Amino acid sequence: MVDLLEYAVRGIPTGCVFALLAVGLVLTYKTSGVFNLAFAAQAYTSAAVFYVLRKEQEWPLFWSAFIAIVIVGPALGLLLERVLFRHLRGAGSLAKMVTSLGLLIAIPEVVKLFFGSDAKSNPPPLWYVRRTDEWLWPQGSKFVLDAGQVTTIVSTLVVVVGLTVLFRYTNLGLRMRAVVESPRLAELNGVNAERVSMASWMLSSMMAGLAGVLVAPLFASLNPIDLFTLLVAALAATVVGGLSSIPLTFFGAIGLGMLQAVLAGSLPTNSVLATGLRPGLPFLVLFALLIFRPGLRSNSETADPLATVDPPLPVPVAVSRPRWMSISSRTVGVVATIFGLLVSWFLLDGFWLAIVISGVVLAVIMLSLTVVTGIGGMLSLAQAALAAIGAFTTAQVVTATGLPVLVAMLIGAAVAAACGALLAIPVVRLDGVYLALATLAFALMFESILVPLSWVSGGSVPLAVPRPVIGPWDLADDRYFLLFAALCLTVIALAVIRVRQGTTGRFLQAIQSSPTAANSIGISGGRSRIIAFTLAAGIAGFGGGLLASFAGRANYQASFPYVVGLVWVALVISAGARSIQAAVFSGIMFFLLPATLNRVFSWPENYLEAHQQAPEWMQNLLGLVQPNWALPVSFILFGIGAFTYAKHPEGIIEARTNSSVTALLRWTERRKAKVDASSSVDAPQVSA
Amino acid sequence: MRSRILVSAIFVSLLAAACSNSSSEGTTTTSAAKGGDSSATQVAVTAPGVTADEIRVGGVASTTNPLGGKYGESFDGVQAYFAMVNSEGGIYGRDLTLASERDDQLSNNDAEVQGLLEQDNVFAALPMTTLLFTGSDRLVQSGIPTFGWTINPEWQGTTEVPKLNLFGQAGSYLCLGCEQPQVAYVAKISDSHKIGVLAYNVPQSTECAEGWEKTFDIYGEEADAEVVFSDKSLSYGITDLSVQVSKMKDAGVDMVVTCMDTNAVVALGKELKKQAVEAIQFLPNGYDQAFLDEFGDLFEGSYAWTSFAPFETTPQPKGLKNYLKWMEATDGRIGENSLVGWLNADLFVTGLQKAGPNFDQQKVVSSINELTDYNADGLLSSIDWSNEHNKRGETTCGAVLIVKDSEFVPVTIAKGKPFSCFALNTGVLTTTAQ
């Protein structure tokens, strides 16, 4: 018992780290309505500024901290509010979360372009020492704290008390919450919604800056992925607080830290339970809370009472355009696909062919997002994990039974669909952010508990997955594999269209448009959503098997980490969650854009090598461009793509298609009117 | 509905009957060369990437992957080595050119390998220093001489697929779960008796830790050391090891061996200091002076292990002198990454020279695989390449270093011999100097 108490006490500093991050997330959600996954990216920005000022420029502690936390943090918040989130005030949680995903992807890459991507070793603490362990207190005690822990504990307590007071006892806190619920109603009551919203974002961003500077010294070097990993571990605490209560979030975080430490101390090391439970504990807790906490299931988002004055979303192009245009458009689509395949077959070399095939295969997985998010209206962050389930099953079936890989892929799809159904049953009862968090928790549990098991992933060497041979065609040839992948994509796309147009699709559309009206006419939301989720999981599983077969191995780290899955989601939703073209576009762009940019950014270097007598100004100018910008710039563009979701929730591809169709219709109408007018002038006069 | 299911079932059955799996055999495309003369005069060679003036090579390194791995400095090592060779007239009258430096971005290794093979017109692939090595199968099938950093299990061959054209910087066999007698040796010389083992719950890390445990099972008695605490269930990204350190303190641990990244090793060092645990660490991946500049005091008295002659070696072997001289001349950063590139280039050039002036890819591969005592001019201990692809040798060699005043100090058995070698499969902790 004494030991357990000791372990629990040891967990308190970690609990405070969780609390700092979780309270920051809750603050942002309370004051802006955004479940801000980009909190980690904002924290990274301030931590990077602090690093440069304090360590590289050797500024005094106070001024380094002041600039990083009090100036840069709020300035970033202000920028985000002015440029992005002010346009999203009335938007749903999905739109806001997708935008924050875009920021999570883009911000660290922008910061790296400014401050360099080299490792920033030993981030300095927010204290007058070079490293956190250089100041220990109380010396000689059993429970010694270092400078980082002391500053974190003190800061967390101050923040929790301060924010509790702000929301409970001040006018500003009340106004902040009012503006989130309905900016227009708040304005009708004399609240300057713009100013309050700006203040909210500046405050939450300052909080992110503080968290970043305090948490960064926990790591040997400054890396945005580390901060995000810590943030997702703290998510459970935000759910304890119901995304609204600061004190409950704080206690939830402390409890999580203590529970982790107690399990680390009390479970027999290396036992099955310890190996399975401990690494996945924060995600298990998160998932369990989301599923079993009664309040959350009925905790639908508070709708803006004035939301009904908003114009409705544009009607999908596929519905609005005339029949002749649909037929023409599909014909153009078929011709373009055949043309693309011919170009790939005859003109592309192995490298570009591999890029295209990877894109086509990824497009299959993206179609699963079309089903679950576009048709089902549920933001799933678990599609990469479900794809991995398909890939692992394919690999294990082929290895263990020697069955043809195509059959194994179908079994993989079935297993993924079954897992999707099991996940869907509890998850579909949740809404918006909670559903997204539950799927993220599933992905994280899968990664931390199941992927390390050799009977799942195959151990340290990824399992081999061969290419199929269909009759006389050996798909070991990339060109044949491209045709096969394109065929799979086409069949699945047609199936998705059938689902969209069928009963399930229409039920889901009705539920999204008006859940109450849909329920009143007997449409069961739960059943339709489970079907959509299961189908999407099956598609993702098949895509995963296909990807593994193309790559030759079911390699989780190379293809399916949850972080990569987040990029997929941001990409496909910003392109158009309901659109087949958007899924195909996103899949191909994910691979094609970095590869193309690499060639573009390599050109100046190659040019200068070939033209060593080039004028100095040209050498200086072209010398600025670096080939290694390709991936960061791609990520920035992917992130910026997600920003457009605010303006075009139907997706940028759908929006562009819509405007093109509208322009074309206007043009044809004008032309028709002109023809009619001229024909009436030219028509022979009939004399009376 | 039932008929649809039936049709689907028949379709799947037919598919199963019609389908099979593609074999993993690929075609090897190497240009045939004529003659067998190994004189230094130029002979017309028909091989990819070879012209009358140059021999082109290209590599893939993880440079911008946001998930980790910054190995771009390996290109600098190759460039420095080629600068040295070219300053002496090149090979067979041809300059060596590092024609392409590819970044495998977000785990896009396979496609970049494909590009290297098809777009870059290169004779050999080097350096191949990547976080993930998904293009390994493609390189094996192509038969191209490939040189890189053995940090991925894909480098290692098997009896069925020996991967004879893949050459790691110090051998290709990477046995994560095997015993490592050098750890027992370090326990012995540091007078450590109670060992703690820490690892993440990811397969590579866990297997590595099992190797440490096996080591003390075999050599523990002789080294008078035993594993008294082991935790292989740590989650990746862990920042708090207070409970583990507390338990190790209670168990009297005086040496900790880990299979974790720098973040966790530093977190462990800080926690050991906080709880005043007098334990050293064994750092299998910690040989980096920049790391010690930041965290050296946390690792005072700890030991590191390298597979190459450390930069602090005195007297410096010829290979090390050349490396330091040419890295300075080409403004490269001295460190493990660039040294890997240098070693890759050295082995490649050694293979070229041994293959003779009418070389081709297959001849270079075969020539290297005939080397039974390769040591990169003293930078490595002796490597028997006829044996290094798919099985472990009879000894394992490397350099032992101790951290003193935040600097690495070589620990040698005999003066002037940087490497300590340990006999394997004997069950006895036998050490020899090399």
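Remember, predicted model here, so these are calculated numbers, not experimental data.

Calculation criteria
- Residues numbered from 1 in each chain as written.
- Chains lettered and ligands numbered in written order.
- Predicted model: local features only at pLDDT ≥ 70, side-chain atom pairs only at ≥ 80, totals over all residues.
- Helix = DSSP H or I, 4+ residues; strand = E, 2+ residues; numbered from the N terminus.
- Expected span 1.5 Å × (residues − 1).
- Buried ≥ 20, exposed ≤ 12 C-beta atoms within 10 Å, placed from the backbone.
- Domains from an automatic or database assignment.
- Contact = placed C-beta atoms within 7 Å.
- Nonpolar A, V, L, I, M, F, W, Y, C, P; charged D, E, K, R; others polar.
- Pairing = 2+ DSSP bridges.
- Axes fitted to C-alpha atoms, helices over the stretch in contact; angles between N-to-C directions.
- pLDDT = per-residue confidence, 0-100.
- Parallel < 35°, antiparallel > 145°, perpendicular 65-115°, else oblique.

### Considering helix α5 (residues 93-115) of chain A
Residues and elements named next belong to chain A. Look at α5: 33 Å from first C-alpha to last across 23 residues, which is about the 33 Å you get at 1.5 Å a residue. Burial analysis of α5 places 17 of its 23 residues in the buried class, the great majority of the element. Among the residues trailing α5, Gly116 stands out with phi positive, at a value near 90 degrees.

### A short note on the domain arrangement of chain A
Interface size is commonly expressed as the accessible surface area that is lost when the partners come together. Residue and element names in this part refer to chain A. Assigned domains of chain A: these are domain 1 (2-297) and domain 2 (356-576). One C-alpha centre belongs to domain 1, the other to domain 2; they are set 32 Å apart. Domain 1 puts 24 residues into the contact, and the matching count from domain 2 is 23 residues. In terms of residue class, the side of domain 1 that touches domain 2 is made up of 18 nonpolar, five polar and one charged.

### Re the interface of chain A and chain B
At the junction of the two partners, chain A supplies 68 residues and chain B supplies 59 residues. In terms of residue count, helix α17 (residues 350-375) of chain A provides more of the side of chain A that touches chain B than any other element does, five residues in total.

### Considering the sheet that holds strand β6 (residues 166-168) of chain B
Residue and element names in this part refer to chain B. Pairing in this open sheet of five strands is parallel, and the strands run β3-β2-β4-β5-β6 from one edge to the other. The open sheet is flanked by β3 (95-103) and β6, the only strands paired with a single partner. With direction set aside, neighbouring strand axes in the sheet form an average angle of 25 degrees. Looking at chain direction, strand β2 (residues 54-61) and β3 are connected through eight bridges and run parallel. Residue pairing in the sheet places Arg56 in a bridge with Thr97 of β3. Here helix α2 (residues 73-87) sits on the sheet and contacts β2, β3 and β4 (124-129); the angle it forms with β3, its principal contact strand, is near 170 degrees.

### Considering the confidence of the model for chain B
For chain B, the average pLDDT comes to 87, and 90% of its residues sit at 70 or higher. When the criterion is pLDDT under 50, residues 1-19 of chain B qualifies, and its contacts beyond four places in sequence or with other chains add up to 13 contacts.

### Re the packing of α5(A) against helix α20 (residues 432-450) of chain A
What describes two packed helices is the angle between their axes and the distance between those same axes. Residue and element names in this part refer to chain A. Packing of α5 against α20 leaves a shortest axis separation of 8 Å and a crossing angle of 45 degrees. For the element pair α5 / α20, the angle class is oblique. Counting all contacts with α5, which are made through Ser93, Leu94 and Met97, the residues of α20 involved are Gly432, Val433 and Ala436.

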